[in-house]
Amino acid sequence: MKAKKDYHRKDFNNPFFPKKSKISAGRKAKILVGLVLGLILIAVYLFNRLPALQITNIEIAGNDYASTEEIKALVDDQMNHRRWLFFNQHNILFFSKSQLRQKLDSYYLLERIKIKKRYFSGLDIEITERPSGLVWSSDNKYYYLDLSGKVLREIQPDNVVIVEGQGTTNLVRNQAESVKYPLVTDLSNSEVFINQQAASEKLIRFVLGFSDLITRSGDFVVSHYEIFKSNTREIEMVTKAGWRVKLNIEETPESQAELLLAVLQQRVKDRNNLEYIDLRFGDKIFWK
């Protein structure tokens, strides 16, 4: 008996009429998600660059030591860095106030920072500066000291710049702020702790008073001061020209400054070869 053939279950392929492939549901979902993400990225890009939302006006108030130009430069630097990878901080909606607050606090000695967005293109920054006595250097680290000699905080290494002076003199400063404060280097490299005493109030008051008088009346530039912590009665002032002045902090800043200016005016005729002036012994003055 002849076997019957079942033509209904056969799969006939015609090379001239290729079968249409079906797109799976999973692949459709992936394509849809990709399109949505692409549209979102395009929308974010366009929204980032909306002219009406770009920060164009920055107002700064309360600054004395910190210059307006320096603060604006820090704001500009932050605006050039994206937030969450995609968001442009030139756009006021995406500008991070907390990031700017941290940056300002790391550069300046501040009691209070208030940042307000003024929609849709303004930024208001109001700061209250914390008074400092001077900058203290020990073991190649730098600190802010208050008027009593207590350590307020360390100055971060990336905020310190060293400018070469004449001879062996180097001018070491915080590039943003500490140039406003006298610098005292502890040559004994004593260990320094935050919120603890690094120098006596007497020393701080002497350096501040002497520096103020010399800045107003002197015709030379002070680089920094040097002290051995084991000898708290004496301190040396180093000028940017390289010559030094040995000082006695048991005397008043006024008397030492007046004596120095008199010696420079009346006795030292040529400062080109001057090495030091010694004012530690009252009326007995030595220089070389």
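The rules we used
Residues numbered from 1 in each chain as written. Predicted model: local features only at pLDDT ≥ 70, side-chain atom pairs only at ≥ 80, totals over all residues. Heavy atoms only, no water. Axes fitted to C-alpha atoms, helices over the stretch in contact; angles between N-to-C directions. Helix = DSSP H or I, 4+ residues; strand = E, 2+ residues; numbered from the N terminus. Left-handed = near helix turned anticlockwise from the far one by under 90°. Contact = heavy atoms within 4.5 Å. Nonpolar A, V, L, I, M, F, W, Y, C, P; charged D, E, K, R; others polar. Core = buried A, V, L, I, M, F, W, Y, C linked by side-chain atoms within 4.5 Å. Buried < 20%, exposed > 50% of the residue type's maximum accessible area, 1.4 Å probe, protein only. Expected span 1.5 Å × (residues − 1). Arc of directions from axis to C-beta. Patch = residues over 30% accessible without salt bridge, like charges linked within 9 Å, V, L, I, M, F, W, Y side chains within 5 Å. Areas by Shrake-Rupley, 256 points an atom, 1.4 Å probe, with all protein chains shown as cover. Salt bridge = Lys/Arg side-chain N within 4 Å of Asp/Glu carboxyl O. Pairing = 2+ DSSP bridges. Right-handed = clockwise from strand over helix to strand, strands pointing away.

Enquirer: Can you help me understand the packing of helix 4 (residues 201-217) against helix 5 (residues 253-266) in this one?
Expert: Helix packing geometry: the angle between the two helix axes and the distance between the axes. Orientation of helix 4 relative to helix 5, taken along the N-to-C sense of each, is 35 degrees, at an axis distance of 9 Å. As helix 4 packs across helix 5, the resulting crossing turns out to be right-handed. On helix 5, the residues touching Arg205, Phe206, Gly209, Phe210, Leu213, Ile214 and Ser217 of helix 4 are Pro253, Glu254, Gln256, Ala257, Leu260 and Leu261. Tallied by class, the residues present in the contact of helix 4 with helix 5 amount to eight nonpolar, three polar and two charged.

Enquirer: Looking at this structure, how should I read the nonpolar core?
Expert: As a rule of thumb, soluble globular proteins bury nonpolar side chains together. Counting residues in hydrophobic clusters, the biggest one holds 34 residues, and the most contacted among them are Trp136, Ile235 and Leu260. For this core, the elements supplying multiple residues, two or more each, are strand 4 (134-138), strand 5 (141-145), helix 4, strand 10 (222-227), strand 11 (234-239), strand 12 (244-248), helix 5 and strand 13 (276-281). With seven residues, helix 4 is the single largest residue contributor to this core. Apart from the residues lying within four places of it in its own chain, the contact partners of Leu260 are Phe210, Ile214, Phe220, Met237, Val245, Ile277 and Leu279.

Enquirer: Is there a simple way to explain helix 5 in this structure?
Expert: Three- or four-residue spacings in an α-helix give side chains the same orientation, since the helix completes a turn every 3.6 residues. Here helix 5 contains 14 residues, and its C-alpha end-to-end distance of 20 Å stays within 8% of the 20 Å for a straight helix at 1.5 Å per residue. For helix 5, the set of buried residues is Pro253, Gln256, Ala257, Leu260, Val263 and Leu264. Viewed end-on, helix 5 has its buried residues packed into an arc of 130 degrees, placing them on one side of the element. The exposed set on the far side of helix 5, more than 90 degrees from its buried face, consists of Glu258, Gln265 and Gln266.

Enquirer: Even after reading the chapter, I still don't get a nonpolar patch on the surface, so can you show me in this structure?
Expert: On the surface, Leu32, Val33, Val36, Leu37 and Ile40 cluster together to form a nonpolar patch covering roughly 450 Å² of accessible area. Within the secondary structure, Leu32 is located in helix 1 (residues 25-48). According to the relative accessible area criterion, Leu32 is exposed, its value standing at 53%.

Enquirer: I'm lost on the pairing of strand 12 in this one. Help?
Expert: Residues in a regular strand point their side chains to alternate faces of the sheet. Summarising burial for strand 12: four of the five residues are buried, a large majority. Bridge count between strand 11 and strand 12: five bridges; the pairing is antiparallel. Counted as the bridge partner of Glu234 is Asn248 from strand 12. Where strand 11 folds back on strand 12, the antiparallel hairpin that results is connected by four residues, among which Gly242 adopts a positive phi of roughly 110 degrees. Across three bridges, strand 12 lies against strand 13 in parallel orientation. The residue bridging Val245 from the neighbouring strand is Ile277, located in strand 13. With respect to chirality, the unit in which strand 12 leads through helix 5 into the neighbouring parallel strand 13 is left-handed.

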